[in-house]
Amino acid sequence: MHIFKKILIGVAILAVLLLLLNKGVNIWVNNKLPELLSEKNKSGYHIAYDSLKIDVWEGHIVIKGIRVTPKNALKDTANKAGIYARIESIEIKDFKSMAVLFSNKIKARSITVNTPKIVFYKKTDNALNNSRSIGSEVVKPFESIVQVSDVYLHHGDVKIIYVKNNKPVLNAANIDVKLEGITVNDDILKRTIPFDYKTYAFQCDSLYFKKNAVYYIKAKNIQTENEGLSLTNFEMVPEMTRRQFVAQTPIEKDLYTLKAASLDIRKMAWGFKDEQLFFSADALVLDKIKANIYRSKEPVDRPTKTKLYNRMLRDIKFPLRIDTVKITNSEIVYEEEKSFEKGPGKISFSKFNMTALHIKGAKGHTRMTDVTIGINCLFMNVSPMKVDWKFNVMDKNDGFNIKGSILNFNTKNLVSFTKNYSNMKQEGIFDEVYFNITGNDVDSKGDFALKYHDLKVSLYKKNDPSKKSKIKSAIANLIVKNDSHDKTKNVAVSVKRNPKTSFFNFFWRNIEEGLKKILI
């Protein structure tokens, strides 16, 4: 009985000591944490807050009304660069008291950030492309105060603003983020992605991103996680007019306007291995694209060789694989303009549907399946067009085959291109057009066939394009054979490639030669 009393007394003393120790640690941590979050923290940021609640026993911290300001900005109000934030609340779960005692750092299982409004003022307008700056200016300061395994962010807004002109480089609204299994150390901070993670998820209502001096990107309803990405209302649109673009472009270059109702990437894997990017996906699906490609002929021709698509994919420096690319219910318009006074000639493809298979870069491969592309659309919005196109990325001769057909084409529908571009109008029906062209980086040859009737052309005066040249038109109609007499005429075509022009210019020159041989 005497021994039992001693045991009870010992347990009671131990319990009291533990309670006193817990109370002491609680008091110490309550004093130490505010110090960690104050100006004495090792990061470059001053942190203020309205309230701080600590439960050492449960390992739970709740901070409300947080304001984050760069320390440099407090001393030098003209220096605005850095992160500014207002956060409704932060919850830290399962934190370790001993870490606060001995390492001056909060170590915990998770941190949840609720309703942050973050503005990141950058000294350069392209700093988003520099992963090292994200590591040094965002991840490292955060990691110097808090080290956690899991990060959750709810209902956040993030802006990145270029200090010089106070204009946004990025604006993301209503963000939700989940990062689990995070690891950060000095070596990882030097990588392109300055932290490791096991799983992630990201949602964002809307995004604006200034890609460069010419284009901005917008999107809505962005959702991505470990194996997929989807978004709606995608736009990549010029921030300048065509005249402004041409004025600053000394060498011939296309101006793109791209919009898509939705984008969906399925079974996606990406990241960096030994500092090299890799990307793969089972499918990339784009719906209701509206694409406009504009080219002015006022700048000088590009002086360098234009790569064919085999070479473009072969020259990609990182492992790339997309098994299937689908474009559905789309519209593509190409415009080419000799001068602003004449206006552009237009070629359009509506109800455009495409399936491309086996899109790969050459990195890591010695042999490869052919890339195959199937297209169904309406040429100039009215005539059924079908194309089958194939090439092999590993073929260093850049060989290809493209074949297809256009049916029931009223040539009047091409006046929007020929009148502005060639000073010519035409009428008549191409009942059937067939082509089968095989080529490479040097030349091409193949077959062209045409069935047509009632063809007539009108040529216009060079110095006054609004007036018809009656004499030239009469001569042209004497030369042009206006009817195939219900027969399909077949000719062989052969073309030498101009290496400075695109694949589509090369392809068109084959069609042009076939038309000349049959019609003249």
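Participant: Tell me about the overall build of the chain, and name the residues and values.
Facilitator: Scanning the chain from terminus to terminus reveals ten helices and 21 strands. For the chain, with 520 residues in total, the buried portion stands at 43%. Long-range contacts, defined here as pairs at least 24 residues apart, represent 61% of the contacts in the chain between residues at least 6 apart. Just so you have it, the chain exposes about 29000 Å², and 56% of that area is on carbon and sulfur atoms.

Participant: Give a description of the packing of aromatic side chains that names residues and reports values.
Facilitator: Inspection of the entire model under this criterion finds 16 aromatic pairs. Ring centres of F400 and F506 lie 5.8 Å apart, and the angle between their planes is 80 degrees; on these two criteria the pair is classed as edge-to-face. With F400 in strand β18 (residues 400-410) and F506 in helix α10 (residues 503-519), the pair connects residues that are 106 residues apart, well separated along the chain. Each of the two residues, F400 as well as F506, counts as buried. Where F435 meets F507, the ring centres are 5.2 Å apart and the plane angle is 65 degrees; that geometry is what we call edge-to-face. With F435 in strand β19 (residues 424-439) and F507 in helix α10, the pair connects residues that are 72 residues apart, well separated along the chain. Residue classification places F435 among the buried residues on the basis of a relative accessible area of 5%. Feature note: the residues Y309, W389, F391, F400, F503, F504 and F506 constitute an aromatic cluster, connected by ring pairs. For R243, the ring lying beneath its charged end belongs to F340, and the centroid distance is 4.3 Å.

Participant: Describe the pattern of salt bridges, naming the residues involved and giving the relevant values.
Facilitator: Applying the stated criterion to the full structure yields 21 salt bridges. Between K210 and E239 there is a salt bridge; the shortest N-O distance is 2.7 Å. Of this pair, K210 sits in strand β8 (residues 199-210) while E239 sits in the loop between β10 (228-238) and α6 (242-247), placing them 29 residues apart in sequence. Judged by relative accessible area, which is 39%, E239 ranks as partly exposed. As a salt-bridge pair, K307 and D315 come within 2.8 Å of each other at their nearest N and O atoms. What makes K307 partly exposed here is its relative accessible area of 37%.

Participant: Could you give me a rundown of unusual backbone geometry, with the residues and numbers involved?
Facilitator: One non-glycine residue, N329, lies in the positive phi region at around 50 degrees. Position of N329 relative to the elements: it lies in strand β14 (residues 320-337). According to the relative accessible area criterion, N329 is partly exposed, its value standing at 47%. Backbone geometry places H358, a non-glycine residue, at a positive phi of 65 degrees. Here H358 is to be found in strand β15 (residues 345-360). Assessed through its relative accessible area of 31%, H358 is described here as partly exposed.

Participant: Could you give me a rundown of a nonpolar patch on the surface, with the residues and numbers involved?
Facilitator: Together, I471, I475, L478, I479 and I520 give the surface a local cluster of nonpolar side chains, amounting to about 570 Å² of exposed area. Tracing the sequence through the fold places I475 in helix α9 (residues 470-479).

Participant: Tell me what's going on with a positive patch on the surface, and back it up with residues and numbers.
Facilitator: Together, K338, K342, K462 and K472 make up a region of like positive charge exposed at the surface. Its place among the elements puts K462 in the loop between β20 (443-459) and α9. The exposed category is assigned to K462, whose relative accessible area is 71%.

Participant: Go over the side chain of E336 with me, naming the residues and quoting the values.
Facilitator: Along the chain, E336 turns up in strand β14. Within the buried set, E336 has no salt-bridge partner at all; the shortest N-O distance to an opposite charge, 4.5 Å, is to K297.

Participant: Could you give an account of the pairing of strand β13 (residues 276-296), with specific residues and numbers?
Facilitator: In terms of burial, β13 is largely enclosed, as 15 of its 21 residues are buried. When strand β11 (residues 254-266) meets β13, the two strands line up antiparallel, connected through twelve bridges. Looking at β13, one finds that I265 is bridged to L284. With five bridges connecting them, strand β12 (residues 269-273) and β13 associate as antiparallel partners.

Participant: Outline the environment of S469, supporting the account with residue identities and numerical values.
Facilitator: Residue position: S469 is located in the loop between β20 and α9. Overall, S469 belongs to the buried group, its relative accessible area being 10%. A C-alpha to C-alpha distance of 7.6 Å links S469 and S458, two positions eleven residues apart in sequence. In this view, S469 contacts L459, Y460 and K461; residues no more than four positions away in its chain are not counted.

Basis of the calculations
- Residues numbered from 1 in each chain as written.
- Predicted model: local features only at pLDDT ≥ 70, side-chain atom pairs only at ≥ 80, totals over all residues.
- Heavy atoms only, no water.
- Helix = DSSP H or I, 4+ residues; strand = E, 2+ residues; numbered from the N terminus.
- Buried < 20%, exposed > 50% of the residue type's maximum accessible area, 1.4 Å probe, protein only.
- Contact = heavy atoms within 4.5 Å.
- Areas by Shrake-Rupley, 256 points an atom, 1.4 Å probe, with all protein chains shown as cover.
- Phe/Tyr/Trp six-rings, centres within 6.5 Å; stacked < 30°, edge-to-face > 60°.
- Lys NZ or Arg CZ within 6 Å of the ring centre and 35° of its normal.
- Salt bridge = Lys/Arg side-chain N within 4 Å of Asp/Glu carboxyl O.
- Patch = residues over 30% accessible without salt bridge, like charges linked within 9 Å, V, L, I, M, F, W, Y side chains within 5 Å.
- Lys, Arg positive; Asp, Glu negative; His and termini not counted.
- Charge placed at Lys NZ, Arg CZ, Asp CG, Glu CD.
- Pairing = 2+ DSSP bridges.

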